[in-house]
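# Structural description and commentary
Spelled out, the chains give:
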Amino acid sequence: GGVALLALGLAVVATSARDPTRLVEKHAVNIAVGSSAVLAACCTSGFSSVYFERVVKGAREKKIGEIAPKKTTQKPISVWARNAQMATFSTFIALFGCLCKDGRVIRERGALAGFTPIVWSVVALQATGGLCAAAVIAYADNLLKGFATGGSMLLSTFISWLWLGFEITPGFALGA
C-alpha cells in the first residue's frame, strides 16, 4: 500500500512538473520502464533497510520464541565495522564501473580530474548523510528513519522555496 501511494505521488509530481510549452522532448519517455525502476528501487531500498537493521540489532536482541538470548562468546560487529565492510565491496564495484566506462580518461587525466569545490562539497554531504543513516539505524529503528526522511524532504522543499525560488504547484503539493 505504501509503495503504491509513493509511486502515485511521484507520478503526480512528475506530470505536474512537465512544461507543456516544450514541443520537442530531449529523450523518449517510457512510463512503464520508469515506473518499474521506481518500484524496484523502493522495494530494494525498503528490504535492504530492514535487513540491515536486523543484521545490526539481531545479535543483541532476543529472537522470537527464545526464552533467553543465546550465550555467545563472539562480540557483535559494530555499525561502523559493517559500514566499512559495505564500503569495501561497493568501492570495488564502483571502481569496476568507472574503469569500464571511463578507463581511458582516468588513465590520461587521473581519477579526480574535474573535481571542483562544489563536487567535493557534494561528496562530503553524501558521506555525512551515510554516517547519519548508520547512527539512526544503530540507535533508532527503521520507522524513525522513515519519519526523518519525510521531515528532510519537507525541510528541503521549504528551503528550496525560500532561497531558490522553487514554486510549489498544487500538483506538487498533492503528490508530495
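Residues numbered from 1 in each chain as written. Predicted model: local features only at pLDDT ≥ 70, side-chain atom pairs only at ≥ 80, totals over all residues. Heavy atoms only, no water.

## Describing the overall build of the protein
On a plain count of helices and strands, the protein comes out with six helices and zero strands. Order of helices (α) and strands (β) in the protein, N terminus to C terminus: α-α-α-α-α-α. Within the span of the protein, comprising 176 residues, buried residues form 11% of the whole. In the protein, 67% of the contacts between residues at least 6 apart in sequence involve partners at least 24 apart. Summed over all atoms, the accessible surface of the protein reaches about 14,300 Å², with 70% contributed by carbon and sulfur. (Helix = DSSP H or I, 4+ residues; strand = E, 2+ residues; numbered from the N terminus. Buried < 20%, exposed > 50% of the residue type's maximum accessible area, 1.4 Å probe, protein only. Contact = heavy atoms within 4.5 Å. Areas by Shrake-Rupley, 256 points an atom, 1.4 Å probe, with all protein chains shown as cover.)

## A look at the pattern of salt bridges
Here the structure, examined in full by the defined rule, presents two salt bridges. The closest approach of N and O atoms between D102 and K101, which form a salt bridge, is 3.9 Å. Note on K101: relative accessible area 68%, which makes it exposed. Residue E108 pairs with R104 through a salt bridge whose shortest N-O separation is 3.3 Å. Taken together, the residues E108 and R104, both in helix α3 (residues 79-109) and four residues apart, mark about one turn of the helix. (Salt bridge = Lys/Arg side-chain N within 4 Å of Asp/Glu carboxyl O.)

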